[in-house]
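Here is how the chains run, residue by residue.
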Amino acid sequence: MTPRVAELHRGHLVFSCGASLYAVPAETAAEVVTLPALTRVPGAPVHLVGVFAHRGEVLPVVDLARLSGRPLDDGFKRAVLVRSTGGAVALTATKVLGVSQLEGQQERLGDSGLQAHLRGPARAPAGEVAVIDTDGFFDFLARGGA
Amino acid sequence: MSATDTVVEGVVLCRVGGDRLAVLPSDVVGVELPDAKCPYAGSLFDGTTPSPADARLLRHELSGLVVDALEVHAEPLSLMRVPPALRWVVGGALMGFVQVGGSLWPVVSLPALSRHLSARSGAVRS
């Protein structure tokens, strides 16, 4: 078993955002939160949909669907709070499917944008998922998500 | 209040359409009627036109910023830190967030924001 495949066998929190499934390593998923009314941030790009205060900390809410350039959906009510060395963000979630072991590969799904920070193709019981490389993803957000 | 947060001695709370922002009173040298030469803060939230009745210009040494309405909050407030994912927005002019009336207000440096808007409009023109 190669190291990258072995990583997949660790638990991952799987969630959907629109029609797509994503996964983050379970140890980086701090909690699932119900989103309160969000505060929009001046000059923020469309995928940074707002911020909210949570346990004395300001958390940005990132919509992966918008970051992928898909049609806007304001129907999200929940988010997965992900922590990494680069901080914490709340990722909008249409549905949270729980922790699963994944099968498949951890190859980069693209060379630029969000795709450069997604790994796969991997499979969860619910279907094919894109695994978020959290450290790279946080660095990508800190550089403006472009 | 977190031990690492700084405290600000009051803020100017600004309404911009349905959105909010705040500036430090020390950044403001005057409040005037809108000046067409100064940018409207709504452009930061996709809005393009100030509300005509109550709009005010927050004047500072370099330029100014037009907002729809404002009020002064004179009490000390904890300035909550900017998350790393947002440090780059508005050219780094975002200083933090304060909580007033149960809502978060983004606090911006007025001079830094004006420099950012001027550079942006210059880039659009060129």
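Residues numbered from 1 in each chain as written. Chains lettered and ligands numbered in written order. Predicted model: local features only at pLDDT ≥ 70, side-chain atom pairs only at ≥ 80, totals over all residues.

Right, let's talk about the environment of B:G64 for a bit. Residue and element names in this part refer to chain B. Mapping G64 onto the fold places it in strand β5 (residues 64-67). In the structure, G64 is positioned 23 residues away from R87 in sequence and 22 Å away in space, judged by C-alpha atoms. Excluding residues within four positions of it along the chain, G64 makes contact with D35, C38, L57, L58 and R59. (Helix = DSSP H or I, 4+ residues; strand = E, 2+ residues; numbered from the N terminus. Contact = placed C-beta atoms within 7 Å.)

On to the confidence of the model for chain A. In the predicted model, chain A carries a mean pLDDT of 90, and the fraction of residues at 70 or more is 92%. Looking across chain A, the model is least confident in helix α1 (residues 3-8) of chain A, with a mean pLDDT of 58, and most confident in strand β5 (residues 57-62) of chain A, with 97. (pLDDT = per-residue confidence, 0-100.)

Attention now goes to the sheet that holds strand β3 (residues 29-34) of chain A. Residues and elements named next belong to chain A. The mixed open sheet is built from 5 strands, whose spatial order is β3-β6-β7-β5-β4. Each end of this open sheet is capped by a strand with a single partner; those strands are β3 and β4 (48-54). Geometrically, the sheet is characterised by an average inter-axis angle of 30° between neighbouring strands, direction not taken into account. Across 2 bridges, the pairing between β5 and strand β7 (residues 87-93) is parallel. Each residue of the ladder has a partner; that of V62, found in β7, is L91. (Pairing = 2+ DSSP bridges. Axes fitted to C-alpha atoms, helices over the stretch in contact; angles between N-to-C directions.)

We now examine the confidence of the model for chain B. Looking at chain B, pLDDT values average 88 and 90% of them are 70 or higher. Reported confidence for the predicted complex is 0.89 by ipTM and 0.90 by pTM.

Each side of the interface is counted separately: chain A has 20 residues, and chain B has 22 residues. Elements supplying a minimum of two residues to the side of chain A that touches chain B: β4, β5, β7 and α3 (134-142) of chain A. Here the side of chain A that touches chain B is composed, by residue class, of 13 nonpolar, 6 polar and 1 charged. (Nonpolar A, V, L, I, M, F, W, Y, C, P; charged D, E, K, R; others polar.)

Next up on the list: unusual backbone geometry. All names here are of chain A. The omega torsion across G120 and P121 is -5°, close enough to zero to call that bond cis. On the secondary structure map, P121 appears in strand β10 (residues 118-124). Here the phi dihedral of R55 falls at roughly 50°; this positive angle occurs in a residue that is not glycine. Note on placement: R55 falls in the loop between β4 and β5. Residue R55 is classed as exposed on the basis of its C-beta count, with 9 C-beta atoms lying within 10 Å. (Buried ≥ 20, exposed ≤ 12 C-beta atoms within 10 Å, placed from the backbone.)

Residue and element names in this part refer to chain A. Here V96 shows up in strand β8 (residues 95-101). In this structure, the C-alpha to C-alpha distance between V96 and H9, residues 87 residues apart in sequence, is 19 Å. If sequence neighbours within four positions are ignored, V96 has contacts with F15, V32, R78 and V80.

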